[in-house]
2 protein chains.
Amino acid sequence: MDIAEVAKASGLPASTLRFYEEKGLIQSIGRNGLRRLFNANVIERLALISLGRNAGFSLDEIGDMFRSEGLDINRTLLLAKANELDSKIKELTAMRDGLRHAAACNAPNHFECPKFLRLLRVAGKNRVRLVNKLKENKVKHT
Amino acid sequence: MDIAEVAKASGLPASTLRFYEEKGLIQSIGRNGLRRLFNANVIERLALISLGRNAGFSLDEIGDMFRSEGLDINRTLLLAKANELDSKIKELTAMRDGLRHAAACNAPNHFECPKFLRLLRVAGKNRVRLVNKLKENKVKHT
DNA sequence: GCTTGACTTCAAGTTGGCTTGAGCTTGTAT
DNA sequence: ATACAAGCTCAAGCCAACTTGAAGTCAAGC
């Protein structure tokens, strides 16, 4: 496939595809003159990248996951990411409940509604744990 | 409180507090000479901002929520945000399950594991809906 | 065999959310 | 009265993830 076909099939602009290739997230299988040629399986990979981005992973993190496929480090990395997502899910759930309550509540302002504050405090607790984890990871990696 | 106290209590650097003030997310209650003075309730507000940021809201979105407090538009806005979070939660849950399965799975590569692909496809479907929503919102607002 | 339009590279620009630096002001302690 | 740590402003810088623009290349159709 040439870049235009991949762009159409994936919904991503050609510029993004070149950028991802440069970053090592996808590979072209060769060239026709100057023009890149891609294998059809790049579409699936791009879908995975979009999914990962949407779940809040950086391009570098996604690259790490791909690069360590099949390795043992991969399992560890994947589980760590899954746990991170668990914290995030709890936090978003508390936030969602907080917003729904705030919309329904008739306290004059949300800061004065104990239920709202309690819901958000739950989110806050998870947040702190998550932040600490991230910091630990940063320290480990540097 | 002066800015250093707020910084310490909130965990945010003074530069961020000035930046938030400039953006209208917080207000100082006056000055002592050049120095900003804050009301203690700014701490709660900053916690709310951090929470919102962590839940994926932009500073502008958070500002909108504050600015429309008590108004009817606020209820609508809050519920819309809560619904957005619902989509995001579903997506993250599918992603988490996908990652956990991938870590446990012994298919030679994840693209060949039907369970993994099915899990991610669920995430993908939610994503599409979310993206469309966001696009709609953008069109509406401009 | 020539045009043309889709591709190429490389550098620079964009956005959001801050941070940093230089140079100036001032409340507080000595 | 003076020193100075802590504030202040304003402009510029930084990072991620792209996008845009200019200028060049070339495969394919006529």
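Check the entry above for the structure.
All of these numbers come straight from a predicted model, not from anything done at the bench. (Residues numbered from 1 in each chain as written. Chains lettered and ligands numbered in written order. Predicted model: local features only at pLDDT ≥ 70, side-chain atom pairs only at ≥ 80, totals over all residues. Heavy atoms only, no water.)

A. Representation of the interface of chain B and chain A. Listed as interface residues are 44 residues of chain B and, on the opposing side, 44 residues of chain A. Of all residues in chain B, Leu-51, Asn-54 and Phe-111 of chain B give up the largest surface area on contact with chain A, accounting jointly for 17% of the area buried on that side. On the surface where chain B and chain A come into contact, there are four salt bridges. Its salt-bridge partner being Arg-96 of chain B, residue Asp-86 of chain A comes within 2.6 Å of it at the nearest N-O pair. At the boundary of chain B and chain A, one finds 10 residue pairs in polar contact (both at pLDDT 80 or more). Listed by contribution, the elements that provide at least two residues to the side of chain B that touches chain A are α3 (42-54), α4 (59-67), α5 (72-104) and α6 (114-141) of chain B. (Contact = heavy atoms within 4.5 Å. Buried area = accessible area lost by both parts, 1.4 Å probe. Salt bridge = Lys/Arg side-chain N within 4 Å of Asp/Glu carboxyl O. Polar contact = N/O pair within 3.5 Å; in protein donor to acceptor, adjacent residues only side chain to side chain. Helix = DSSP H or I, 4+ residues; strand = E, 2+ residues; numbered from the N terminus.)

B. Molecular detail of the relation of the copies chain B and chain A. When chain B is fitted to chain A, the residual RMSD is 0.1 Å, and the transformation amounts to a turn of 180 degrees plus an axial shift of 0.0 Å. As the rotation angle and translation indicate, the two copies are arranged about a two-fold axis. Closest to the rotation axis within chain B is the C-alpha of Ile-89 of chain B, separated from it by 2.9 Å. The fraction of interface residues of chain B whose copies in chain A are also interface residues reaches 100%, indicating that both copies meet through the same surface. (Least-squares fit on C-alpha atoms with pLDDT ≥ 70 in both.)

C. Quick peek at the pattern of salt bridges. By the definition in use, this model includes 17 salt bridges over all chains. A salt bridge links Asp-60 of chain A to Lys-23 of chain A; the nearest nitrogen and oxygen atoms lie 2.9 Å apart. Taken together, the residues Asp-60 of chain A in helix α4 (residues 59-67) and Lys-23 of chain A in the loop between α2 (14-22) and β1 (30-32) connect sequence positions 37 residues apart. The partly exposed category is assigned to Asp-60 of chain A, whose relative accessible area is 47%. Here Asp-86 of chain A ties to Arg-100 of chain B by a salt bridge, and the two come within 2.8 Å at their closest N and O atoms. In this pair, Asp-86 of chain A sits in helix α5 (residues 72-104) while Arg-100 of chain B sits in helix α5, so the two residues belong to two different chains. The exposure class assigned to Arg-100 of chain B is partly exposed, which follows from its relative accessible area of 29%. Linked by salt bridges that have partners in common, Asp-86 of chain A together with Arg-96, Asp-97 and Arg-100 of chain B make up one network. (Buried < 20%, exposed > 50% of the residue type's maximum accessible area, 1.4 Å probe, protein only.)

D. Inspection of the protein's contact with DNA strand D at higher detail. The environment of DNA strand D is made up of 19 residues, and the closest members are Thr-16 and Tyr-20 of chain A together with Ala-4, Arg-18 and Arg-36 of chain B. The sugar-phosphate backbone supplies 88% of the atoms of DNA strand D found within 4 Å of the protein. Within the side chain of Arg-18 of chain B, one N or O atom sits 2.8 Å away from a phosphate oxygen of DNA strand D. If you list the elements that add at least two residues to the surface near DNA strand D, you get α2 of chain A together with α1 (3-10) and β2 (35-37) of chain B. At four residues, the largest contribution of residues to the surface near DNA strand D is made by α2 of chain A. For the surface near DNA strand D, the class distribution of residues is eight nonpolar, five polar and six charged. (Near = heavy atom within 4 Å. Nonpolar A, V, L, I, M, F, W, Y, C, P; charged D, E, K, R; others polar.)

E. Spatial organisation of the protein's contact with DNA strand C. Lining the immediate surroundings of DNA strand C are 20 residues, of which Arg-18, Arg-35 and Arg-36 of chain A together with Ser-15 and Thr-16 of chain B lie closest. Taking all atoms of DNA strand C within 4 Å of the protein, the share assigned to sugar and phosphate is 81%. Residue Arg-35 of chain A places a side-chain N or O atom 2.7 Å away from a base nitrogen belonging to DNA strand C. Separating a phosphate oxygen of DNA strand C from a side-chain N or O atom of Thr-16 of chain B is a distance of 2.4 Å. For the surface near DNA strand C, the secondary-structure elements that each account for two or more residues are α1 (3-10) and β2 (35-37) of chain A together with α2 (14-22) of chain B. A per-element tally of the surface near DNA strand C places α2 of chain B first, with four residues. When its residues are assigned to classes, the surface near DNA strand C shows eight nonpolar, five polar and seven charged.

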